[in-house]
Amino acid sequence: MIDKPFMPKATAVWLVENTKISFKQIADFCDLHELEVKGIADGDVAKGIKAYNPILAGQLTREEIEECSKDSNKAIELNKKNLDIKSQKKKPRYIPLSKRQDRPDAVTWLIKNYPQLSDGQIGKLIGSTKNTVSLIRNKSYWNSSNLVSKDPVVSNLCTQVEIKKAVEKAERRIAKKKKEQEKQSQEVKS
């Protein structure tokens with residue numbers, strides 16, 4: 001949508017039927033020829049095209065239409081919205097029974113390959129509890145003798161991007177702790 005309305009002919013039909021804006025203004029706004037807009041007004045062009053209200057669509061404001069109706073030299077400007085799209089909170093997803101044994105295996109793999117991840121981070125990635133992760137890490141899990149390291153990405157429990165973000169977060173946390181310890185040791189020496 002680059003300074004052009006959605007469904008330009010239908011928008012032009014609505015503007016011709018419902019406003020006092022000049023044909024030139026409508027033609028410039030809808031990227032149509034002025035004679036085409038005149039044809040819409042005469043009923044020769046765009047027969048059967050249902051009018052599309054640009055106000056309801058958020059492409060124009062009533063104030064803009066009123067200003068352009070009063071001043072025939074003013075160009076109609078498209079109402080631009082800045083959408084603030086935020087990622088939605090990840091919903092817990094159902095894991096079939098056949099895949100549930102993959103969780104402890106995936107936890108084992110993450111502990112082995114990324115020891116810097118906290119129990120909470122691993123739990124969030126895999127969809128397990130912090131307690132289960134700590135039991136697996138301490139080798140006191142009820143089934144620890146049968147656990148086999150298995151990549152959680154292959155098991156479709158999380159994505160590689162999620163793992164990468166968690167590792168970066170863990171490394172930032174470790175660096176922050178290290179700085180605090182150095183600061184405290186310097187204060188003790190002083």
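For the structure, see preceding data.
**Student:** Even after reading the chapter, I still don't get the packing of helix α6 (residues 102-113) against helix α8 (residues 130-137), so can you show me in this structure?
**Tutor:** Each packed pair of helices is defined by two parameters, the angle between the axes and the distance between the axes. Axis separation between α6 and α8 bottoms out at 10 Å; the angle between their running directions is 60 degrees. Considering the angle they form, α6 stands oblique to α8. Where α6 crosses over α8, the handedness of that crossing is right-handed. Within the contact between the two elements, α6 uses Pro-104, Val-107, Thr-108 and Ile-111 and α8 uses Val-133, Ile-136 and Arg-137. Residue composition of the contact of α6 with α8, by class: five nonpolar, one polar and one charged.

**Student:** When you look at the state of the cysteines in this model, what are you seeing that I'm missing?
**Tutor:** Note on terminology: a disulfide is the covalent bond linking the sulfur atoms of two cysteines. In total, this model carries zero disulfides according to the counting rule given. Left unpaired, Cys-68 is separated from the closest cysteine sulfur, that of Cys-30, by 12 Å. By relative accessible area, which is 1% here, Cys-68 ends up buried.

**Student:** Mind showing me how you'd approach a positive patch on the surface here?
**Tutor:** Residues Lys-124, Lys-169, Arg-172, Arg-173 and Lys-177 make up a contiguous surface patch of positive charge. The biggest single contributor to the positive patch is helix α9 (residues 160-189), with four residues. Along the chain, Arg-172 falls in helix α9. For Arg-172, a relative accessible area of 54% gives the class exposed.

**Student:** Is there a simple way to explain the environment of Pro-152 in this structure?
**Tutor:** Along the chain, the position of Pro-152 falls in the loop between α8 and α9. In this structure Pro-152 comes out as buried when scored by relative accessible area, which is 0%. Along the sequence, Pro-152 and Asp-102 sit 50 residues apart, while their C-alpha atoms lie 7.7 Å from each other.

**Student:** Looking at this model, I keep getting lost on α9. Mind explaining?
**Tutor:** Every α-helical turn comprises 3.6 residues, leaving residues that sit three or four positions apart pointing alike. The first and last C-alpha atoms of α9 sit 43 Å apart over 30 residues, in line with the 44 Å expected at 1.5 Å per residue. The complete set of buried residues in α9 reads Ile-163, Ala-166, Val-167 and Ala-170. Buried residues along α9 sit against α6 and α7 (119-126).

**Student:** What should I look at first to understand the pattern of salt bridges in this one?
**Tutor:** Opposite charge on two side chains permits them to pair, given that their charged atoms come into close proximity. Within the structure shown, the criterion is met by seven salt bridges. One salt bridge connects Lys-24 with Asp-28, and the closest N-O pair in it is separated by 3.4 Å. In this pair, Lys-24 and Asp-28 both sit in helix α2 (residues 23-30), four residues apart, roughly one turn of the helix. Two residues, Asp-102 and Lys-150, come together in a salt bridge whose shortest N-O distance is 3.3 Å. Placement of the pair is Asp-102 in helix α6 and Lys-150 in the loop between α8 and α9, with a sequence separation of 48 residues. Because the salt bridges share partners, they merge into one network encompassing Glu-64, Glu-67 and Lys-74.

**Student:** I'm lost on the packing of aromatic side chains in this one. Help?
**Tutor:** Centre distance and the angle of the planes are the two values used to describe a pair of aromatic rings. Within this structure, the stated rule accounts for two aromatic pairs. Relative to Tyr-114, the ring of Trp-109 has its centre 6.0 Å away and its plane inclined at 65 degrees; by these criteria the two rings are edge-to-face. Classification of Tyr-114 as partly exposed rests on a relative accessible area of 21%. Plain terms: the ring middles of Tyr-141 and Trp-142 are 5.8 Å apart, the flat faces sit at 45 degrees to each other, and that makes the pair tilted.

Here is what the cut-offs are and how they apply
Residues numbered from 1 in each chain as written. Predicted model: local features only at pLDDT ≥ 70, side-chain atom pairs only at ≥ 80, totals over all residues. Heavy atoms only, no water. Axes fitted to C-alpha atoms, helices over the stretch in contact; angles between N-to-C directions. Helix = DSSP H or I, 4+ residues; strand = E, 2+ residues; numbered from the N terminus. Parallel < 35°, antiparallel > 145°, perpendicular 65-115°, else oblique. Left-handed = near helix turned anticlockwise from the far one by under 90°. Contact = heavy atoms within 4.5 Å. Nonpolar A, V, L, I, M, F, W, Y, C, P; charged D, E, K, R; others polar. Disulfide = S-S within 2.5 Å. Buried < 20%, exposed > 50% of the residue type's maximum accessible area, 1.4 Å probe, protein only. Patch = residues over 30% accessible without salt bridge, like charges linked within 9 Å, V, L, I, M, F, W, Y side chains within 5 Å. Areas by Shrake-Rupley, 256 points an atom, 1.4 Å probe, with all protein chains shown as cover. Salt bridge = Lys/Arg side-chain N within 4 Å of Asp/Glu carboxyl O. Lys, Arg positive; Asp, Glu negative; His and termini not counted. Charge placed at Lys NZ, Arg CZ, Asp CG, Glu CD. Expected span 1.5 Å × (residues − 1). Phe/Tyr/Trp six-rings, centres within 6.5 Å; stacked < 30°, edge-to-face > 60°.

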